[in-house]
Amino acid sequence: MGKGSGSGSGNGMTGSASVVRKVLMSYLYVAIWIFLSFTVIVFNKYILDKKMYNWPYPITLTIIHMGFCSLVAFLSIRVFKLVEPIGMTKDVYMSSIIPIGALYSLSLWLSNSAYIYLSVSFIQMLKALMPVAVYSIGVALKKETFQSQTMVNMVGISMGVAIAAYGEAMFNAWGVILQLGAVLFEATRLVLIQILLTSKGITLNPITSLYYVAPCCFIFLSIPWIIVEYPSLQATSSFKFDYLTFGTNSACAFALNLAVFLLIGKTSALTMNVAGVVKDWLLIAFSWSIIRDRVTTINLLGYGLAFLGVCYYNHSKLQSLKAKEAQKKIAETDEESGRLLDQKVERDDSTHTVRKNDSQV
């Protein structure tokens, strides 16, 4: 009796320790992602801002990132064989990877350009529109189902961002257009990933994703770079490439891609969304206290309203996922019950046949 209860207590403690370990690891993944995302955003702002490093060439910076990511991904897959490449046909690459790469390059170009004109805090406030853009595009492309309650929430988020924009002390219309364009292209890319890749059963880890997408982005960005920034860089004879700054910045950008995969793979995309809300508040606080960007009361009130809408959206997504999981378990249980019932009927029929044969004998 004593042994049994001791064994049960030991199993319970082991189970509790396992749960605690999983929770702690989840927090670690979240912390790594927040740190790297925070670092890349602030680093990019530092490089591009005319009051800091004063290197206002967002296309060139993005091309450097894509070139670095392409090189590391190629070495990881083709040279060191650290990751197995997936079977990518020419048709899939042309119909799926190229459109996604084009949208990704536009999103990165515009979002990096916005740092020249807007504060870090205000950019994070504008990024609160991402759920609105993803949901609206999903409905337009019939990937999401239109629901009045969800749309009302999206209107609330948009109103909050509009109030934050109204209270922005250093409002720049061109910067806002750039950031909104980046949100629109990124939201379209996320929806197309679901339509063009996920629906076909194609899943890419960060290395294979960069292996296929980064070279595509590099080529797309080369076109505006030659027209817009190359002449200016050529005219700047005093410019010398800072390998330490740009190498570290590119390494951080690459590590962020790995952290995204790690966070989603070990937790969920919803966890990343919730962690993103925390990261945004941290960036706003950092922008106000360290960079000394001006954050007004109207800014905070507007973003607070948008923040509540985003939290409600994430909560609704969580409830929807729980409901789907419950339905899936019920369907599996029903399927298992039906299978057991069929087996029982088969056994009864077999027994009846044997008895009938015995009776005839």
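In what follows, the structure referred to is the one given above.
Residues numbered from 1 in each chain as written. Predicted model: local features only at pLDDT ≥ 70, side-chain atom pairs only at ≥ 80, totals over all residues. Heavy atoms only, no water.

Draft legend 1. Main features of the overall build of the protein chain. Each helix and strand counted, the protein chain has eleven helices and zero strands in total. The secondary structure elements of the protein chain, listed N-terminal to C-terminal, are α-α-α-α-α-α-α-α-α-α-α. A burial count over the protein chain gives 40% of its 361 residues as buried. Taking contacts inside the protein chain between residues at least 6 apart in sequence as the whole, the part at least 24 apart equals 84%. Total accessible area on the protein chain is roughly 20600 Å²; 66% of this is exposed by carbon and sulfur atoms. (Helix = DSSP H or I, 4+ residues; strand = E, 2+ residues; numbered from the N terminus. Buried < 20%, exposed > 50% of the residue type's maximum accessible area, 1.4 Å probe, protein only. Contact = heavy atoms within 4.5 Å. Areas by Shrake-Rupley, 256 points an atom, 1.4 Å probe, with all protein chains shown as cover.)

Draft legend 2. Broad picture of a nonpolar patch on the surface. Residues L71, F74, L75, V79, F80 and L82 make up a contiguous nonpolar surface patch of about 600 Å² in total accessible area. Assignment of secondary structure puts F74 in helix 2 (residues 58–79). Exposure remark for F74: the relative accessible area of 41% places this residue in the partly exposed category. (Patch = residues over 30% accessible without salt bridge, like charges linked within 9 Å, V, L, I, M, F, W, Y side chains within 5 Å. Salt bridge = Lys/Arg side-chain N within 4 Å of Asp/Glu carboxyl O.)

Draft legend 3. Looking closely at the pattern of salt bridges. Using the criterion set out here, one finds four salt bridges in the structure. A salt bridge links D49 to K45; its shortest N-O distance comes to 2.8 Å. For R189, the salt bridge goes to E186, with nearest N and O atoms at 2.7 Å. With R189 and E186 both in helix 7 (residues 173–197), this residue pair falls three residues apart, about one helical turn. When sorted by exposure, R189 lands in the same class as E186, which is buried.

Draft legend 4. Spatial organisation of the state of the cysteines. One pass over the structure, following the stated rule, counts zero disulfides. Its sulfur unpaired, C217 is 5.9 Å from the next cysteine sulfur, which belongs to C216. We classify C217 as buried; its relative accessible area is 0%. (Disulfide = S-S within 2.5 Å.)

Draft legend 5. Region of the structure containing helix 8 (residues 206–235). Taking 1.5 Å per residue, 30 residues should reach 44 Å; helix 8 reaches only 37 Å between its end C-alpha atoms and comes up short. Roughly 60 degrees is the biggest bend found in helix 8, and it falls at W225. Structurally, the start of helix 8 carries an N-cap: the backbone nitrogen of I207 is 3.0 Å from a side-chain oxygen of N205. (Expected span 1.5 Å × (residues − 1). Bend = angle between axes of the 7 residues up to and from the residue. Polar contact = N/O pair within 3.5 Å; in protein donor to acceptor, adjacent residues only side chain to side chain.)

Draft legend 6. Local environment of the side chain of S111. Tracing the sequence through the fold places S111 in helix 3 (residues 90–117). Exposure remark for S111: the relative accessible area of 14% places this residue in the buried category. A polar contact is formed between the side chain of S111 and the backbone oxygen of L108, at a distance of 3.1 Å. Setting aside residues no more than four positions away along its own chain, S111 makes contact with Q179 and A182.

Draft legend 7. Expanded view of the nonpolar core. Counting residues in hydrophobic clusters, the biggest one holds 54 residues, and the most contacted among them are W33, W55, F122 and M125. For this core, the element with the highest residue contribution is helix 1 (residues 2–48), accounting for twelve residues. (Core = buried A, V, L, I, M, F, W, Y, C linked by side-chain atoms within 4.5 Å.)

Draft legend 8. Just the side chain of D280, in detail. Here D280 is to be found in helix 10 (residues 269–289). Those residues in contact with D280 that sit more than four places away from it in its chain are Q124 and Y303.

Draft legend 9. Main features of the packing of aromatic side chains. Going through the model one piece at a time under the given rule, you end up with 13 aromatic pairs. Judged by centre distance (5.2 Å) and plane angle (70 degrees), the rings of W55 and Y57 are edge-to-face. Their ring planes at 80 degrees and their centres at 5.0 Å tell us that Y211 and Y212 sit as a pair that is edge-to-face. Aromatic rings pair up to connect Y46, Y53, W55, Y57, F241, Y243 and F246 into one cluster. (Phe/Tyr/Trp six-rings, centres within 6.5 Å; stacked < 30°, edge-to-face > 60°.)

Draft legend 10. Highlighting the layout of surface pockets. Here the second largest pocket defines a volume of roughly 260 Å³. What lines the second largest pocket is a set of 13 residues, and nearest its centre among them are K45, D49, K51, M170 and D293. Grouping the constituent residues of the lining of the second largest pocket by class yields six nonpolar, two polar and five charged. (1 Å grid on protein atoms, 1.4 Å probe; cavity = no way out; pocket = protein on both sides within 12 Å on 5 of 7 lines; lining within 4 Å. Points joined across faces, edges and corners; volume = space filled by probe spheres on them. Nonpolar A, V, L, I, M, F, W, Y, C, P; charged D, E, K, R; others polar.)

Draft legend 11. Highlighting unusual backbone geometry. Positive phi is not limited to glycine here, since K81 has a value of about 55 degrees. Within the fold, K81 resides in the loop between helix 2 and helix 3. Looking at K81, the relative accessible area reads 57%, which means it is exposed. Residue K142 is not a glycine yet carries a positive backbone phi of 60 degrees.

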